[in-house]
Structures are given as C-alpha cells and as structure tokens.
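Here are the chains, one letter per residue:
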Amino acid sequence: MAKFDIIAATGCPTGIAHTFMAKEALEKAAAERGLTIKVETHGQVGVENELTKSEIAGAKAVVVAADKDVQAERFAGKPMVSVGVSKALSVEAAGKLIDRALAAKGDDTVAAAADVEDEVEEKESIGHIIYKHLMNGVSHMLVFVVAGGVLTAVSFLWGITSFDSTASDYNSFAAMLKIIGGIAMNLMVPVLSAYIAESIGKRPALVPGFVAGMIAIQGLPVNAETGMIDAGGAGVGFGFLGGIVGGFLAGYVILLLEKVFAGLPKNLDGLKAIFLYPLFSTAIVGLVMLGISGPMAAINTAMMDFLKGLSASGAVVLGLAIGCMCAFDMGGPVNKAAYVTGTAMLTEALAAGVGTDTYNFGTNFMAAVSAACIVPPLITTFAVVVGKKYFSQEDHDAGVVNLILGCTHITEGAIPFMTKNIWPVMPIMMLGSSIASILTIMFNVHDPAPHGGFLVLPVVENGPLWVLAILIGAVVGGILFVAFKKYDFEKNQKAAPVAKPVEAPKAEAADFVKVENVFVAEDFASRDEALSFVSNQAVKAGIASDADAVMNAFLAREAEGTTGMMEGFAIPHAKSDAITEAAVIVVKDESGVTGWDTMDGAPVNVAIALLIPGAQAGTTHLKILSKVAEALMDEDFRATVKGSTDAAKIAKTINARLV
C-alpha cells in the first residue's frame, strides 16, 4: 500500500470548480516541496480518490480545504490544518497550508516559520464551522433545485399554462414534467435542513432535520374557523430561512442528546440509534419549530419585502446589489448567499404560478443573478483574446476555457485571474456583473430555471435581450481588464533593464550546472553559513553582483517555510535583482548541516541552490524548481548525487534532469 507524506480533502458547496482547483494547487505545491500527496475530492458526483485508513495512518500531516463536511473526524490525532476551500486555490496558498500542516507536528522551529497571519486558523474558527455546516446543506440542496427548476421551466415550452388540464394549451407530458419538477423543488428546504443537521450530528440528525425542513415549508397548521392549532388546518411556511434554523437546531439537539444518553450501557447503543435519538430529537425539534413558526414567517416575509423594496427603488439599486454580491467572491459565501436567495425567490415564484406578481419578480430576480454569475469568466475570455500579448500562455488558455464555464453558469473559472490582482480586477468583475444584472432587470427578462447558463435559453423569456445584457457586461469588464493589463505590462517593460533583455532561460541548456559551481567537500556549521557560502560563490562566478542581497533573498524564502526536504536534501532558492543570470550552485557536506529544518528531521547533506534574476521569478524559477523537486522524487537521482564526490558527475546528473 502506497504511503503519502501529505493527505488532503477538498470540497466546495457545488462541488464543480473550487474542489478540483484546490486539489490541483495542493498537488503542485507538494511537488515543489518534494513531497508525495493524495487528495480526496468531495465533488457533486461524490467522493473521489477516497483515502484509506492505512493511508491516513501513514501520512505525516493532513490538509482539509473544504466548505462542506468531509468527515474530518477520520484524521483525529494527525497534525492537521482545516480551512475553507478558497484558502487553497493558488499554488502559493496551498504550499503555505502544507507547511503549516507539517509544522503542526510540534517542531517549534518549523512552527515559527509558518504564516503568522493565519495562525488563528490552526483551530478551525467558529465562523468557518457554521459556514461549513450551512454549505453542506446547500451543496445537497442545489441539485434538487437545478433538476426541479429546469424540468419545471422545460414544461413551459408547451405553453405557460400547459400543465392545466382546463387550459387551451394543455399537454399531458408538460403537466407530468411540472409535477416532477415541483416535487423536486419542494424537497429543497427539507434537504437543506437535513444535511445541515447531518453535518453537525451525523446520520442520527437526518430525521429531525427532514422534519424541521417540512415544518419550515408548511408552518403551523391552524383551523380557519376556530383559530386553534389543528392538524387539518393550514399554515404559513417560512421558507429556506426556516430550513437553515431547523437544520442547526436538529444537529445540535442530537449533540445534546448524545451527552444526555452517554451514561447508558454500551449494549444499548442500538436502541439509542433506532429509537431514542429519532424519537426525542423529532419531538424536541418539531415542537420548537412549530413554536417559532410565527416569528420566522414574519422574518421571511420581511426579507422578501426588503428585496422587493430594492426593486421598487429601481433596477440600478437591485441590479447593483446582485451584481456586486455575485462577483465579490465568485462562488464563495457572498456569491452563494445571492444565489441561494435567488433560488428561494424562484421557488416561491414557481409555486405562485405564471402571471402572478410573485412569479414575475422571482424569475426576474433569478435572471439577474444568473447573468451576474455568467459575466466574470466571460470577461476573462474577452480579455485574453483581445489583449493576448498582455497575458501569459497559461492565462490565455484558462481564459479560453472560461468561455465554456461562463456559458454554463460556472463563475469559479475567473478566480485565478482575480487572485493575482484583487485590485482592480475584483471591482472590474463586480462592475461587469452589475451592468448585466441591471440591464437584465430593465429588459424584463424572466428565467424560470435556476442554473444552466445559456443551456436554458429556450425557456428564458426575452432570452435575446438577456444574452445582450450579459455580453454588454462582459465587454465593458473585458475592456477595463485589458486596459489594466496593458498598463501593468508597459510598467513592467519600463522597469526591466534595457541593456540586457530577458533571454530564454538557460534552464534548458545542457550545461546549466557548471562543474566549477559544484562544491563537494564543504563543512558548514549552520544553514546560514552554507547559504552565505553560496551567496559569495555566486558573486565570484559572476552570477550575482551583491552577496548580501542574495543572502537576504535566501533568508526571506526560508522565513516563508523551510526549503529542507527529505533524506538529506535541500533546495534553497533566491530571487533577486542582484542576480544577473539564472544558475544552480550545489554544495555537499558529508557530516550534515545542522539547524536546517527538514521534513524528516535529518541533517542536510546536499543543497541544490537556485539563483534566479528578479525578472525571471515567475518563469525560470518555477521551471527549475519543479524539475529539481521532481528529480528528488527519483531514488536513483538521490543516490547518485548524494553518493558521488565527483563534481563533474553530479553536474551531469542534475543537468540531465533540467533539460
């Protein structure tokens, strides 16, 4: 059975983009550090690449980057970092998480190098715990909303009253589609409530969670004639807000009951699971939910009235609010709040029926939300096509892919572009989304489907105008994005040395590591002495102009996290304008350099030092680093470099892996 240095679990509410972006970032960050990793994903299709008990037991540390329940209790006792999935979307951020997870094993010197600003997250914050439980419910709910909403919307293709057997446009197949879609939509709140509860109290919480959700959509039944509580009467539901409250209530009631029944004999565990937990939790949660139905219904009505009040203030106010929320974090908590609100409004709209004010407002609101979610990735597509010279090839390829993601209502593809330059890219995205939302409201577009992007165009009322609104938002945002990238590109061009333009990196050359830069019989008292030696040799070899600047660059990198790997290897790297050409210097100390933190605690015998000019930090640096990290995973490579005292042989071995 294979063993891994790091194991990880990723998951986002929708399980579409963030989950797999975090997986890729963690894998790349681990490779840079010469570590093996296995990442388990909790996506919309379920758990993939599932971790086994032996893999968990054999791992050195755990990274959980998830906004939903990933059964983190499996990792109890392991050094672990648990954060939201958005904290692991870039290689740099993922690398910091890995460093912190390894630091959690109790090595004080390593812990001191961990990122200080994230120190409080070693213990999962209450806010993230609550958000994770909520998003576990949302992730399970969304598929019901999408399936039910789209089927209901498709039924309208035969006519807006085609489900009504007394209408002239009646169609039996359309009626069946609407029945199926309606059932799926009605399950939205109970599923939301049940899986919030399940995230907190595990499987026993499902029963009270579902009951709480059903009460949330039915309310407290009252007899119209007597005004008294009556099982045969009618109540006023309090929607998805009630489902959220009921889910948390059910989950924590189960935790309370576990404490209450903890003193019962072990042989009664079966009785607790099948009888005591469901009976008492359902009774307690049901009574509380019925008791708060009045206030909750009032709160739900007030929220809907507030949103309608925004609409009454004009399309600009409502559209601006929707656009800014959807583009603020592109799939994060704020975006999800807007989207879930939209689906709640749509649910009420479909229940009210075509032609009603509730239907018109809810479907118009949903159209605005969908437009705002579609725009950000399309902005990146426009920008990389029109301003191709200002983007890297990697960004260009990602922007082209975003055309597909955007057209299918997947906002997350724009995240990598925003994380590189939050200012001004985030405001640009928010502006583009807001323009699309405002125009969608003004054009009186109605979308009865909660997801699908342009795939649901056949059921969108005023669909061509909706597409126009989205394109206008994408083009305006795209033009601004290109303008920013042009400015940034020209600024960097002016800052670059004119006399010596950056040439193709020498990492591809066969003699990248020169024999004279391999030192095989050194004796260093400490890590800093070894790095100082490399810095001075770099100046002597004409690789750098200032040894102190190079040394400071080495130390700055070490402060971010040790470059000590495993089995006696280290890959220190310095990026500085004082370095005139990319190079590698190798030093060997047979007795081992003490005080250099490594992943396995062993002293460093071989340091493969990378020296990179500042202008090549994002290109040559990453190429060489990734190739060296990959080489260190090869047992033959490690044995040859570590066992040889022949500088020429060592240089040749390393050069062969850098080609």
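See the structure shown above.
Residues numbered from 1 in each chain as written. Predicted model: local features only at pLDDT ≥ 70, side-chain atom pairs only at ≥ 80, totals over all residues. Heavy atoms only, no water.

All right, on to the pattern of salt bridges then. Tallying each qualifying case throughout the model produces 16 salt bridges. With its nearest N and O atoms 3.2 Å apart, the salt bridge here joins E24 to K28. With a gap of 4 residues between them, E24 and K28 both fall in helix 1 (residues 18–32), about one helical turn apart. Ionic pairing is found between K588 and E590, a salt bridge with its closest N-O pair at 3.6 Å. By relative accessible area, which is 1% here, K588 ends up buried. Overlapping salt bridges, with partners in common, bring together D69, E73 and K202 in one network. (Salt bridge = Lys/Arg side-chain N within 4 Å of Asp/Glu carboxyl O. Helix = DSSP H or I, 4+ residues; strand = E, 2+ residues; numbered from the N terminus. Buried < 20%, exposed > 50% of the residue type's maximum accessible area, 1.4 Å probe, protein only.)

Okay, helix 7 (residues 188–201) next. Look at helix 7: 20 Å from first C-alpha to last across 14 residues, which is about the 20 Å you get at 1.5 Å a residue. Buried residues dominate helix 7, accounting for 13 of its 14 residues. (Expected span 1.5 Å × (residues − 1).)

With that out of the way, let us pick up the packing of helix 8 (residues 206–218) against helix 9 (residues 239–260). Between helix 8 and helix 9, whose axes approach to 8 Å, the crossing angle comes to 155°. Between helix 8 and helix 9, the angle is such that the two are roughly antiparallel. Considering only the axes of helix 8 and helix 9, their crossing is right-handed. Along its contact with helix 8, which presents P208, G209, A212 and A216, the element helix 9 presents G239, G242, G243, G246, A250 and I254. When its residues are assigned to classes, the contact of helix 8 with helix 9 shows 5 nonpolar, 5 polar and no charged. (Axes fitted to C-alpha atoms, helices over the stretch in contact; angles between N-to-C directions. Parallel < 35°, antiparallel > 145°, perpendicular 65-115°, else oblique. Left-handed = near helix turned anticlockwise from the far one by under 90°. Contact = heavy atoms within 4.5 Å. Nonpolar A, V, L, I, M, F, W, Y, C, P; charged D, E, K, R; others polar.)

With that settled, consider the environment of P450. Tracing the backbone shows P450 in the loop between helix 17 (422–442) and helix 18 (463–495). Excluding its chain neighbours within four sequence positions, the residues that come into contact with P450 are V145, V146, G149, V150, Y339, T343, L346, M366, S370 and H409.

Our focus in this paragraph is the environment of A656. Inspection of the secondary structure puts A656 in helix 23 (residues 647–658). With a relative accessible area of 54%, A656 lands in the exposed category. Note: C-alpha distance between A656 and V513 (143 residues apart in sequence) is 9.8 Å.

Read from one edge to the other, the open sheet built from 5 strands follows the order 3-2-1-4-5, with strand pairing classed as mixed. Only two strands of the sheet have a single neighbouring strand rather than two, namely strand 3 (46–48) and strand 5 (80–83). Taking the axes of each pair of neighbouring strands and ignoring which way they run, one obtains an average angle of 10° across the sheet. Sheet analysis places strand 4 (residues 61–66) next to strand 5, joined by 4 bridges and oriented parallel. Within strand 5, the position partnered with V62 by the bridge is M80. Seen against the sheet, helix 3 (residues 91–103) touches strand 1 (6–11), strand 2 (37–43), strand 4 and strand 5 and runs at an angle of roughly 135° to strand 4. (Pairing = 2+ DSSP bridges.)

Bringing helix 12 (residues 315–328) into the picture now. Spanning 14 residues, helix 12 covers 19 Å between terminal C-alpha atoms, matching the ideal 20 Å at 1.5 Å per step. Along helix 12, the residues classified as buried are A315, L318, G319, I322, G323, C326 and A327. Projected onto a plane normal to the axis of helix 12, the buried residues spread over an arc of 140° and lie on a single side. After helix 12 finishes, the residue M330 shows a positive phi value of roughly 45°. (Arc of directions from axis to C-beta.)

Turning our eyes to something else, we now look at the pairing of strand 2. Of all 7 residues in strand 2, 7 are buried, a share of seventy percent or more. Of the two faces of strand 2, both are covered, the one formed by I37, V39, T41 and G43 as well as the one formed by K38, E40 and H42. Of the pairings in the sheet, the one linking strand 1 to strand 2 comprises 6 bridges and is parallel in character. Bridge assignment links T10 to a residue of strand 2, and that residue is T41. As judged from the 3 bridges shared by strand 2 and strand 3, these two strands associate in the antiparallel manner. Bridging from a neighbouring strand, H42 pairs with V47 of strand 3.

Further remarks concern unusual backbone geometry. Here W423 and P424 are connected by a cis peptide whose omega angle stands at 10°. In the Ramachandran plot, K202 falls in the positive-phi region, its phi being about 65° despite a non-glycine side chain. Structurally, the position occupied by K202 is in the loop between helix 7 and helix 8. Overall, K202 belongs to the partly exposed group, its relative accessible area being 28%.

Turning to the pairing of strand 10 (residues 604–613), a few remarks are in order. Each regular strand carries side chains that alternate between the two faces of the sheet. Across the 10 residues that make up strand 10, a large majority, 10, are buried. One ladder, built from 2 bridges, connects strand 7 (residues 569–570) with strand 10; its direction is parallel. Paired with A570 across the bridge in strand 10 is A607. Alignment of strand 8 (residues 573–576) against strand 10, held across 4 bridges, turns out to be parallel. Bridge pairing in strand 10 links A574 to L611.

Pairs of packed helices are described in terms of their axes, by the angle between the two and the distance that separates them. Relative orientation of the contacting elements helix 12 and helix 14 (residues 357–386) amounts to 45°, with a least axis distance of 9 Å. When the interaxial angle is binned, helix 12 and helix 14 end up oblique. At the point where helix 12 passes helix 14, the crossing takes the right-handed sense. Along its contact with helix 12, which presents L318, I322, G323, C326 and A327, the element helix 14 presents F361, F365, A368, V369, A372, C373 and P376. Residue composition of the contact of helix 12 with helix 14, grouped by class: 11 nonpolar, 1 polar and no charged.

According to the stated counting rule, one finds 0 disulfides in the structure shown. Of the cysteine sulfurs around C373, a residue in no disulfide, the closest is that of C326, at 3.9 Å. For C373, a relative accessible area of 1% gives the class buried. Cysteine C407 shares no disulfide, and the gap to the nearest cysteine sulfur, in C373, comes to 14 Å. (Disulfide = S-S within 2.5 Å.)

Take the packing of aromatic side chains next. Enumeration over the complete set of coordinates arrives at 13 aromatic pairs. Seen in terms of ring centroids, F519 and F533 are 5.1 Å apart; in terms of plane orientation they differ by 85°. Their pairing is edge-to-face. Taken as a pair, F519 in strand 6 (residues 518–519) and F533 in helix 19 (residues 527–540) lie far apart in primary sequence, 14 residues in all. The same class applies to F519 as to F533, namely buried. The interplanar angle of 55° and the centroid separation of 5.4 Å between the aromatic rings of F524 and F533 together place this pair among those described as tilted. When its relative accessible area of 6% is taken as the criterion, F524 is described as buried. Above the ring of F163, the side-chain terminus of K178 is found at 4.6 Å from the ring centroid. (Phe/Tyr/Trp six-rings, centres within 6.5 Å; stacked < 30°, edge-to-face > 60°. Lys NZ or Arg CZ within 6 Å of the ring centre and 35° of its normal.)

Geometry only, nothing functional implied.
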